[in-house]
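Residue-level listing of the chains:
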Amino acid sequence: MNPLAIHGGKKAVPDGLIKTWPPITDLDRQYVLASLNQSNHAFGPNCAAFEQEFSAFNGNRFAITTNSGTAALHMGVAACGCGAGDEVLVAAYSWSSSATCILHANAIPVFVDIDFDTMNMDLTKVDAAITPRTKAIVAVHLHGLALDMDALMSIARKHNLKVIEDCCQSHGATFRGKKVGTFGDCAAFSFNQNKCLCSGEGGMFTTDNDDILNKAKMIWSFGETRTPAEDRDYHAYALGWMYRNNDLTAAFGRAQLTRLSEYLATQRSNAAVLIESLRGIKGLTLPTEPPNHEHTYYNFTIRIDPTALRWTDHPAKLRDAMMKAMQAEGTQVGIWQQFILPAMTVFQAQNAFGKGSPWCLGDPVEYNPMNFPIAQKHTDSHFGMTTPLRAPNGPEQAKAVGEGIRKVFENIHRLDVPGILS
Ligand SMILES: Cc1ncc(COP(=O)(O)O)c(C=O)c1O
């Protein structure tokens, strides 16, 4: 038996087998150099072209390129009319700015627990979270899996709520064959280092609604009503920020966008290989792809079932010990969020703008972490990966990672952790 790598055995995934993300080709070099060699490095020709090409890719009428996904989220919340003291619903488990974008608009996040299987907002719990102050829902499509947008949009319509889709992790994911970002009132995408469309940093705001577009543009560029490409009057007509993208970044994003569909197809086929190699492992819960959904596996997320492994201590202790061993095998797995959102200090201390704002502007809300048991259960038991399944990695890498994970699960009794039963 090959000992675990953590005990000096041979790694299941040899060094150098997993290639880094994103693949860079001559096309990227060509686009970025061409941007450098022209004279507008701010909102230049690549920004306008990126907006057109991304809206065509996603099937939206309008797109605005931003300097982050968070900027695009804030633009969405504010352009949907959420303001002082309004309540906005969001999943209790996500990236922090899925919720802090609500604070940026001086509105109050109200959390909804997640569904364990999909890891997205539990739509059966939304109705109970709605109050007369609720204005909107930030609908996060997490890990590359879309929410059930039939169910979500029917709740939103019933209560007259706006929907801001957080697509930062789910470029190209579909529900009933339609891409995320085309269901709600507007959407936000991120192009940071780790995203399926990477331009270093950056983002995109999309909408099909003229009024929301115009409001979002003011927030995006200093509260002005004319775009930097037009004849600006430098007048702040409303409160605005500086959320614009720059030409070099947009050029990089445009080059990567030409290969996005190919990247996503590779990711799905790599995920299928990994799923096959992990099937049947005791104590390991694979990600699900419900009917009518096409998962992109942006983050391939696995959960450890402590009961199946007869572990009775805190689940995170077991997960952390196993993860160290899997990392030693060279699998490049990691833990994403270690805290549910309501447990984060900004919500526990309610310390956003000072003097109690925005919470003092509305009704009291409770951020008791005990109210989100499923999000907590997920947080304590998950691990996952991004890079090993990304292009240019293929079935060889997916299989090797599967072997590394299997090796640790099958040799769990060899881990040096008090409480692990042999
Ligand atoms: C779900 C989600 N929302 C929002 C963001 C924010 O995107 P950015 O880092 O581009 O601001 C991220 C990025 O990690 C994310 O994963």
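Going by the structure above, here's the rest.
What follows deals with the packing of helix α10 (residues 315-328) against helix α13 (residues 395-410). A pair of packed helices can be characterised by two numbers: the angle between their axes and the separation between those axes. Closest axis-to-axis distance for the α10/α13 pair is 9 Å, and the angle between their directions is 135°. Judged on the interaxial angle alone, α13 and α10 are oblique. Crossing hand, α10 versus α13: right-handed. Facing Met322, Ala325 and Met326 of α10, the residues of α13 in contact are Ile405, Val408 and Phe409. Of the residues assigned to the contact of α10 with α13, the class counts are six nonpolar, no polar and no charged.

So, on to the packing of helix α2 (residues 45-58) against helix α8 (residues 247-257). Closest axis-to-axis distance for the α2/α8 pair is 8 Å, and the angle between their directions is 35°. The chirality of how α2 crosses α8 is left-handed. Facing Pro45, Asn46, Cys47, Ala49, Phe50, Glu53, Phe54 and Phe57 of α2, the residues of α8 in contact are Asp247, Ala250, Ala251, Gly253, Arg254 and Leu257. Considered class by class, the residues forming the contact of α2 with α8 number nine nonpolar, two polar and three charged.

Lining the immediate environment of the ligand, one finds 16 residues, of which Gly69, Thr70, Asp166, Ser190 and Lys195 sit closest. Backbone polar atom of Gly69 to an oxygen atom of the ligand: 2.7 Å apart, as the coordinates give it. Relative to its unbound accessible area of 390 Å², the ligand is 92% covered by the protein chains. Mapped by element, the contributors of at least two residues to the shell around the ligand are α3 (69-79) and α4 (96-104). At three residues, the largest contribution of residues to the shell around the ligand is made by α3. In terms of residue class, the shell around the ligand is built from four nonpolar, 10 polar and two charged.

Quick look at the nonpolar core now. Ranked by size, the top nonpolar core spans 87 residues in total, and within it Phe111, Val126, Val138 and Leu152 carry the most contacts. In this view, Leu152 contacts Leu123, Ile137, Ala139, Leu147 and Val163; residues no more than four positions away in its chain are not counted. Counting residues in each nonpolar core, the second largest holds 38 residues, with Leu17, Leu286, Met322 and Met323 among its members.

In this structure the tally under the stated criterion is 19 salt bridges. Linking Lys125 and Asp122 is a salt bridge whose minimum nitrogen-to-oxygen distance equals 3.5 Å. Given the relative accessible area of 35%, Lys125 is considered partly exposed. Asp122 sits in the buried class, given a relative accessible area of 11%. Three or more residues joined by partner-sharing salt bridges are found here, namely Arg268, Glu289 and Glu294.

Attention shifts here to the environment of Met242. Topologically, Met242 is positioned in the loop between α7 (210-220) and α8. Looking at Met242, the relative accessible area reads 37%, which means it is partly exposed. Between the C-alpha atom of Met242 and that of Ala107, which follows or precedes it by 135 residues, the distance is 20 Å. Not counting the four nearest positions on each side in its chain, Met242 is found in contact with Asn67, Trp220 and Phe222.

Before going further, it helps to spend a moment on the packing of aromatic side chains. Within this structure, the stated rule accounts for 16 aromatic pairs. Ring geometry for Trp359 versus Tyr367: centroids 6.3 Å apart, planes at 85°, classification edge-to-face. Judged by relative accessible area, Tyr367 falls into the buried class, the value being 7%. An aromatic cluster of three or more residues is present, and its members are Phe50, Phe54, Phe57, Phe189 and Phe191. Across the ring face of Phe57, the terminal group of Lys179 is positioned such that the distance to the ring centre comes to 4.2 Å.

Two faces belong to every sheet, and in a regular strand the side chains alternate between them. With five of its five residues buried, strand β2 (residues 87-91) lies for the most part within the structure. What you see with β2 is no split at all: Glu87, Leu89 and Ala91 on one side and Val88 and Val90 on the other are buried throughout. A crossover links β2 with its parallel partner strand β3 (residues 108-112), the connecting element being α4, and its sense is right-handed. Here β2 runs beside strand β4 (residues 134-140); their pairing, made up of three bridges, is parallel. If you follow Leu89 over to β4, its bridge partner there is Ile137.

The element α4 is extensively covered by neighbouring structure, given that seven of its nine residues are classed as buried. Of all the positions in α4, only Ser97, Ser98, Ala99, Thr100, Cys101, Ile102 and Leu103 are classed as buried. Buried residues along α4 sit in contact with α3, β2, β3, β4, β5 (162-166) and α11 (345-348). Within two residues after α4, Asn106 carries a phi angle of roughly 65°, on the positive side.

Looking now at the side chain of Thr331. Within the secondary structure layout, Thr331 lies in the loop between α10 and α11. Only 2.7 Å separates the side chain of Thr331 from the backbone oxygen of Met326, close enough to count as a polar contact. The residues contacting Thr331, other than those within four sequence positions of it, are Val13, Ile18, Met326, Pro388, Val401, Gly404 and Ile405.

Cut-offs applied
- Residues numbered from 1 in each chain as written.
- Predicted model: local features only at pLDDT ≥ 70, side-chain atom pairs only at ≥ 80, totals over all residues.
- Heavy atoms only, no water.
- Axes fitted to C-alpha atoms, helices over the stretch in contact; angles between N-to-C directions.
- Helix = DSSP H or I, 4+ residues; strand = E, 2+ residues; numbered from the N terminus.
- Parallel < 35°, antiparallel > 145°, perpendicular 65-115°, else oblique.
- Left-handed = near helix turned anticlockwise from the far one by under 90°.
- Contact = heavy atoms within 4.5 Å.
- Nonpolar A, V, L, I, M, F, W, Y, C, P; charged D, E, K, R; others polar.
- Near = heavy atom within 4 Å.
- Polar contact = N/O pair within 3.5 Å; in protein donor to acceptor, adjacent residues only side chain to side chain.
- Areas by Shrake-Rupley, 256 points an atom, 1.4 Å probe, with all protein chains shown as cover.
- Core = buried A, V, L, I, M, F, W, Y, C linked by side-chain atoms within 4.5 Å.
- Buried < 20%, exposed > 50% of the residue type's maximum accessible area, 1.4 Å probe, protein only.
- Salt bridge = Lys/Arg side-chain N within 4 Å of Asp/Glu carboxyl O.
- Phe/Tyr/Trp six-rings, centres within 6.5 Å; stacked < 30°, edge-to-face > 60°.
- Lys NZ or Arg CZ within 6 Å of the ring centre and 35° of its normal.
- Right-handed = clockwise from strand over helix to strand, strands pointing away.
- Pairing = 2+ DSSP bridges.

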